[in-house]
Amino acid sequence: PPTAFGRVIIDRSRGGGELNIAPALSPDGRRVAYMSERDQFSVELYVADADTGKVLHKLSSTATDPHFDSLQFIESAGSWSPDGRLFVQNAVVRGQGALLVFDTEKGRRIKEVVFKEFSELRNPVMAPDGRRIAFAALAGGLLDLWLYDMESGEKSRLTSDAFADLHPAFSPDGRQLAFI
């Protein structure tokens, strides 16, 4: 059973849902962002205390926000900023790939970037500088890696090939990117 490997933090008996997926631990290890259908209407993004499992904030409300098609959680989890204040998650907004940036301390969305040329985004990861986000984007049936700068609003293509480029990971200094 799962308890043979670790302590359960979030499950149905602790206020979670039947489906609790895509966990991402904050840099300091004190909080966990995860997706759950605990409110029974849709899968939403939550931030909980990693020790007690107590929900601190519900970051998304896709059931009551009609411009969201969905949060994209099946093949990717979101990513924390190095200081643990921000969390980035991929979504589909009106049929287009988007990045959503949340302030985890205030429990609200602070930025939404919709990319009209992408039908889907995957695996967003924040750089150590807390400014850039690398992600995989689906366009024309191909998945390539892109980089988005939150301050300038510029995006740049990192790969362009017929392979599925996924799961970007920054080096500790943020100068290199590893990927599958």
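Just above, that's the structure.
As the structure is a prediction and not an experimental result, all values here were calculated from the model. (Residues numbered from 1 in each chain as written. Predicted model: local features only at pLDDT ≥ 70, side-chain atom pairs only at ≥ 80, totals over all residues. Heavy atoms only, no water.)

Participant: Would you mind showing me how to read the pattern of salt bridges here?
Facilitator: Following the criterion strictly, the structure yields 11 salt bridges and no others. The partner of Asp51 in a salt bridge is Arg7, with the nearest N and O atoms 3.4 Å apart. Of the two residues, Asp51 sits in the loop between strand 3 (44-49) and strand 4 (55-58) while Arg7 sits in the segment before strand 1 (20-25), which places them 44 residues apart along the sequence. For the pair formed by Asp51 and Arg7, the shared burial category is exposed. Among the ionic pairs, Asp144 bridges to Arg157, the shortest N-O distance being 2.7 Å. Here the residue Asp144 occupies a position in strand 12 (residues 142-149), and Arg157 occupies one in strand 13 (residues 155-157), the gap between them amounting to 13 residues. Judged by relative accessible area, which is 1%, Asp144 ranks as buried. (Salt bridge = Lys/Arg side-chain N within 4 Å of Asp/Glu carboxyl O. Helix = DSSP H or I, 4+ residues; strand = E, 2+ residues; numbered from the N terminus. Buried < 20%, exposed > 50% of the residue type's maximum accessible area, 1.4 Å probe, protein only.)

Participant: Just to check I follow, could you spell out the sheet that holds strand 3 for this structure?
Facilitator: In a beta sheet, neighbouring strands are held together by backbone hydrogen bonds and run either parallel or antiparallel to one another. What the four strands build is an open sheet, ordered 1-2-3-4; its pairing is antiparallel. Of all the strands in the sheet, just strand 1 and strand 4 have a single pairing partner and so form its edges. In this sheet, adjacent strand axes meet at a mean angle of 25° when their direction is disregarded. As judged from the three bridges shared by strand 3 and strand 4, these two strands associate in the antiparallel manner. Within strand 4, the position partnered with Val47 by the bridge is His57. (Pairing = 2+ DSSP bridges. Axes fitted to C-alpha atoms, helices over the stretch in contact; angles between N-to-C directions.)

Participant: Got a minute to help me understand the sheet that holds strand 10 (residues 120-126) in this structure?
Facilitator: An order of 10-11-12-13 is seen for the four strands of this open sheet, with the pairing classed as antiparallel. The sheet is open, and its two edges are formed by strand 10 and strand 13, each paired on a single side. For this sheet the average axis-to-axis angle between neighbouring strands, irrespective of direction, equals 25°. Across five bridges, strand 10 lies against strand 11 (residues 132-139) in antiparallel orientation. For Glu120, the partnering residue across the bridge sits in strand 11 and is Leu138.

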